[in-house]
Amino acid sequence: QVQLVESGGGLVQPGGSLRLSCAASRSIFSLNIMAWFRQAPGKQRELVAQITIADRTVYADSVQGRFTISRDNAKNTVYLQMNSLKPEDTAVYYCNTLPRIGPWGQGTQVTVSS
């Protein structure tokens, strides 16, 4: 099964930007849909964005227009460009397949605060 490692999180001010990366342990050509999820304290994990092998994307209403998901199949990596960050975006961000088959990684913490 594929192992996924998230990175790129950190502390940013409201309105700032951050680029998250998700490195896969093997080729992602066979993974039709890759997605980013997030989980804030006291809340359930939610789907943030998804992207197909054909680069079709879908976003949650809360991040539409601010976040951009992309994938580089040659590098076995999925990205999440986050712009105009808000305090409400604070959460641990995870990547995985959709539907999920393998385990969750450790995620990467994103904290938006002044």
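Nothing here was measured: the structure is a model prediction, and the numbers come from that model.

Describing the state of the cysteines
Per the counting criterion, the structure on display carries one disulfide. Two residues share a disulfide in this structure: Cys22 and Cys95, whose sulfurs sit 1.8 Å from each other. The S-S bond linking Cys22 to Cys95 shows a torsion near 60°; that makes this disulfide right-handed. Highlighted residues: Cys22 in strand S3 (residues 18-24) and Cys95 in strand S9 (residues 91-97), separated in sequence by 73 residues. Overall, Cys22 belongs to the buried group, its relative accessible area being 1%. Judged by relative accessible area, which is 1%, Cys95 ranks as buried.

Brief notes about the pattern of salt bridges
Taken as a whole and judged by the stated rule, the model has three salt bridges. Across the pair Arg38 and Asp89 runs a salt bridge whose closest N-O atoms are separated by 2.9 Å. Highlighted residues: Arg38 in strand S4 (residues 33-39) and Asp89 in the loop between strand S8 (77-82) and S9, separated in sequence by 51 residues. On the basis of relative accessibility, which here comes to 1%, the residue Asp89 falls in the buried class. Ionic pairing is found between Asp89 and Arg66, a salt bridge with its closest N-O pair at 2.7 Å. On the criterion of sequence distance, the pair formed by Asp89 in the loop between S8 and S9 and Arg66 in the loop between strand S6 (57-59) and strand S7 (67-72) is long-range, its members being 23 residues apart.

A look at the nonpolar core
Formed by 29 residues in total, the largest nonpolar core has its most connected members in Leu20, Trp36, Phe67, Ile69, Leu80, Met82 and Tyr93. Where this core is concerned, the elements lending two or more residues are S3, S4, strand S5 (46-52), S7, S8, S9 and strand S10 (108-112). Considering every element that reaches this core, the biggest residue donor is S3, with four residues. In this view, Leu80 contacts Leu18, Arg19, Leu20, Trp36, Ala49, Phe67, Thr68, Ile69 and Tyr93; residues no more than four positions away in its chain are not counted.

Some thoughts on the pairing of S5
Burial of S5 is extensive: five of the seven residues sit out of reach of the surface. Here S4 runs beside S5; their pairing, made up of six bridges, is antiparallel. Each bridged residue has a counterpart across the sheet, and for Met34 the counterpart in S5 is Ile51. A loop of six residues connects S4 with S5, the two strands running antiparallel in sequence, and Gly42 in this loop sits at a positive phi of about 80°. Relative to S6, S5 runs antiparallel, the two being bridged by three bridges. Counted as the bridge partner of Gln50 is Val58 from S6. Between S5 and S6, which pair antiparallel one after the other, the connecting turn spans four residues, and Asp55 there sits at a positive phi close to 70°.

Rules used throughout
Residues numbered from 1 in each chain as written. Predicted model: local features only at pLDDT ≥ 70, side-chain atom pairs only at ≥ 80, totals over all residues. Heavy atoms only, no water. Disulfide = S-S within 2.5 Å. Helix = DSSP H or I, 4+ residues; strand = E, 2+ residues; numbered from the N terminus. Buried < 20%, exposed > 50% of the residue type's maximum accessible area, 1.4 Å probe, protein only. Salt bridge = Lys/Arg side-chain N within 4 Å of Asp/Glu carboxyl O. Core = buried A, V, L, I, M, F, W, Y, C linked by side-chain atoms within 4.5 Å. Contact = heavy atoms within 4.5 Å. Pairing = 2+ DSSP bridges.

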